[in-house]
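# Structure at a glance
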Amino acid sequence: GALGPRDHQHQQQEKGDQERRKGAGGGASEEGGEPRQGEGMPREDGKGGEADQNKGSAAYKHAEAPLSAGKGLRCCIHCKLLKTEDQFYAVGCENCGFLNMRGDEQKVLDCTTHAFEGMIAAIHPTDSWAMKWLRSGRNKLPGCYAMQCSERLPEHIQQSLEDSNINIRG
């Protein structure tokens, strides 16, 4: 139907609001909304933890927080990031893009474990005394981490990374 003067004015106001949201940026998507679950947020400095070392990996501001606690929680064996199995499958590990867990259920099971102790949430991992004490803060994104994980990556994964000239020690 035809638009009355009030309807036209309302549409113009909405259009102006959308343009202001787009111009403001701040991590919002093109539609002006928040990023969807699992998309991560680009870091302000354009760098993204250890994942930044890999061509083609997205840069993040922080790692995705675990959606649940308890038995469903898994720990990335390499960096100790904690998330659910579904989150590792959907997004991978934001610190360890070179493990290529995203969308690969077997890699998620090989590169993560239920066998970890403790949990620490780090907002500024590089400045955190707790992360330094755990020797875990270097090149990590803000997120939830296990305090201890004694498992190692499976030999076939270590060999594959070595064959690709990816150094995971240190």
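Small disclaimer: the values here were computed from a predicted structure and weren't measured.

About the thresholds
- Residues numbered from 1 in each chain as written.
- Predicted model: local features only at pLDDT ≥ 70, side-chain atom pairs only at ≥ 80, totals over all residues.
- Heavy atoms only, no water.
- Helix = DSSP H or I, 4+ residues; strand = E, 2+ residues; numbered from the N terminus.
- Buried < 20%, exposed > 50% of the residue type's maximum accessible area, 1.4 Å probe, protein only.
- Contact = heavy atoms within 4.5 Å.
- Areas by Shrake-Rupley, 256 points an atom, 1.4 Å probe, with all protein chains shown as cover.
- Patch = residues over 30% accessible without salt bridge, like charges linked within 9 Å, V, L, I, M, F, W, Y side chains within 5 Å.
- Salt bridge = Lys/Arg side-chain N within 4 Å of Asp/Glu carboxyl O.
- Phe/Tyr/Trp six-rings, centres within 6.5 Å; stacked < 30°, edge-to-face > 60°.
- Lys NZ or Arg CZ within 6 Å of the ring centre and 35° of its normal.
- Pairing = 2+ DSSP bridges.

Bringing the overall build of the chain into the picture now. What the chain contains, in helices and strands, is 5 helices and 5 strands. Shown N-terminal to C-terminal, the secondary structure of the chain runs as helices and strands in the order α-β-β-α-α-β-β-α-β-α. In the chain, which comprises 170 residues, the proportion classed as buried is 35%. Within the chain, counting contacts between residues at least 6 apart in sequence, those at least 24 apart form 50% of the total. For the chain, the computed accessible surface area is about 11000 Å², with 48% contributed by carbon and sulfur atoms.

Where nonpolar side chains cluster on the molecular surface, the patch consists of W129, W133 and M147 and spans about 450 Å² of accessible area. For M147, the location among the structural elements is in strand β5 (residues 143-148). Overall, M147 belongs to the partly exposed group, its relative accessible area being 33%.

We now examine the pattern of salt bridges. Summed over all chains, the structure comprises 2 salt bridges. E64 is paired through a salt bridge with K83; the nearest N and O atoms lie 4.0 Å apart. Pair noted here: E64 is in the loop between α1 (5-24) and β1 (73-76) and K83 is in strand β2 (residues 82-84), with a separation of 19 residues, a long-range link. With its nearest N and O atoms 2.9 Å apart, the salt bridge here joins K83 to E94. Here K83 is found in strand β2, whereas its partner E94 is found in the loop between α2 (85-91) and α3 (105-111), with 11 residues between them in sequence. Judged on exposure class, the residue K83 and its partner E94 are both buried. A cluster of three or more residues bridged by salt bridges with shared partners is formed by E64, K83 and E94.

Glancing now at the environment of M101. Positionally, M101 belongs in the loop between α2 and α3. Each C-alpha atom of the pair M101 and T112 lies 9.4 Å from the other, and the pair is 11 residues apart in sequence. With residues up to four places along the chain from it excluded, the contact list for M101 reads C76, F88, Y89, G92, C93, K107, V108, C111 and T112.

With the rule as written, the count across this model stands at 0 aromatic pairs. Across the ring face of F88, the terminal group of K83 is positioned such that the distance to the ring centre comes to 5.0 Å.

The strand order across the open sheet built from 3 strands is β2-β1-β3, with neighbouring strands paired in antiparallel fashion. If you trace the sheet from one side to the other, it starts and ends with β2 and β3 (112-113), each paired once.

These figures capture arrangement, not role.
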